Amino acid sequence: MAASPARRRRWEREQARLKASVVEEDTEEWQKDPHFSGLQRVGGVDLSYIKGDESRACASLVVLSFPALEVLYQDCCMVAVTAPYVAGFLAFREVPVLVEAVQRLQQKEPQLQPQVLLVDGNGLLHPRGRLFLESPAPCAAPWYSCSLVSCSYSSPLLAGFGTACHLGVLTDLPCVGVAKNLLHADGLVRDELHREQVRSLQRSGETFPLTGTSGKVLGMVLRSYNNSSKPLYVSVGHRVSLGTAVRLVRACCRFRVPEPIRQADIRSREYLRKQPCAPLEVLQAVPASPESKKEAELED
């Protein structure tokens, strides 16, 4: 199922609105401590899809103790993923069911709410979006020189708003994006120079920055585990600085993938294996705000 032009425009506007709320700095006292004193609970989220069926998935949320990294809470739930996949808009497909998982935790075990979420995906390290603004007459000026507040030109005003940002803003929790592959964004590509830089990471904890053609550092490449030469791509999601995000991811790694995400993935896959015919909880991937819901009623 493809996304209609009206839906894409609505998603673009919603991304732009939510992007304005992203906080790219530390907001918690524990983040400022070299040893994360005060941090007791770290969450991880993941979606595992049924093989051959991209509309059915298991949404998993786990909460681990810190620094022991023992599982305190888990929630695995079969869901129907109804929004189509569109490159650059994955969050509109997956975040609604993850928000539901966080809300279930807040209702059932509020004392176990995580102080930070690690997300299997990207935050600011995300392809540049395209924001379409309407005006009575088209404008031929380049986006960077146009002075009109509302312009019909397709302008790349939105950069860096992946799943970790989206989930962080909607839950108001600190979030970190942790990806296993480089997502091409702002001129970043997995070319020979990038591969050479990856090879230069010889020990766990070594990093190098991902600087786009815009000059902005979008994330860090981290070798998280001595026994694996494959790095992680860490980026800010919400309410955390990049330096803190990298330190936290490293502190949560027993293996290559940080333990909260690893446990969420293991448990969601195990849930699928044990309950292949589990009943679906149908959760519509609807717009995330009353304002955009009104737009949906007008445009769809």
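This structure is a prediction, so every number in the text was calculated from the model and none was measured.

Conventions adopted
Residues numbered from 1 in each chain as written. Predicted model: local features only at pLDDT ≥ 70, side-chain atom pairs only at ≥ 80, totals over all residues. Heavy atoms only, no water. Phe/Tyr/Trp six-rings, centres within 6.5 Å; stacked < 30°, edge-to-face > 60°. Helix = DSSP H or I, 4+ residues; strand = E, 2+ residues; numbered from the N terminus. Buried < 20%, exposed > 50% of the residue type's maximum accessible area, 1.4 Å probe, protein only. Core = buried A, V, L, I, M, F, W, Y, C linked by side-chain atoms within 4.5 Å. Contact = heavy atoms within 4.5 Å.

Trainee: Describe the packing of aromatic side chains, and please don't skip the residues or the numbers.
Mentor: Counted under the stated rule, the structure contains 6 aromatic pairs. For the pair Trp 11 and Phe 92, a centre-to-centre distance of 5.0 Å together with 10° between the ring planes defines the contact as stacked. Within this pair, whereas Trp 11 is found in helix H1 (residues 5-19), its partner Phe 92 is found in helix H2 (residues 90-108), the two being separated by 81 residues in sequence. Across this residue pair, the class does not change: Trp 11 and Phe 92 are buried. Look at Tyr 225 and Phe 255: their rings are 5.9 Å apart centre to centre, the planes differ by 65°, and that puts the pair in the edge-to-face class. Of this pair, Tyr 225 sits in the loop between strand S7 (217-222) and strand S8 (232-238) while Phe 255 sits in the loop between helix H5 (242-251) and helix H6 (259-274); the two residues are 30 residues apart in sequence, bridging distant segments of the chain.

Trainee: Outline the nonpolar core, supporting the account with residue identities and numerical values.
Mentor: One finds Leu 39, Phe 66, Val 176, Val 234, Leu 248 and Val 249 to be the most contacted residues of the largest nonpolar core, which totals 34 residues. Looking at this core, the elements with two or more residues in it are strand S2 (53-65), strand S4 (116-120), helix H3 (163-171), strand S5 (175-179), S7, S8, H5 and H6. The leading source of residues in this core is H5, at 5 residues. Leave out the neighbours within four places in its chain, and Val 176 touches Val 116, Leu 117, Leu 118, Val 119, Ala 164, Val 234, Ser 235, Gly 237, Val 240, Ala 245 and Val 249. Judged by nonpolar contacts, the second largest core, of 25 residues, contains Leu 47, Ala 59, Val 63 and Leu 117.

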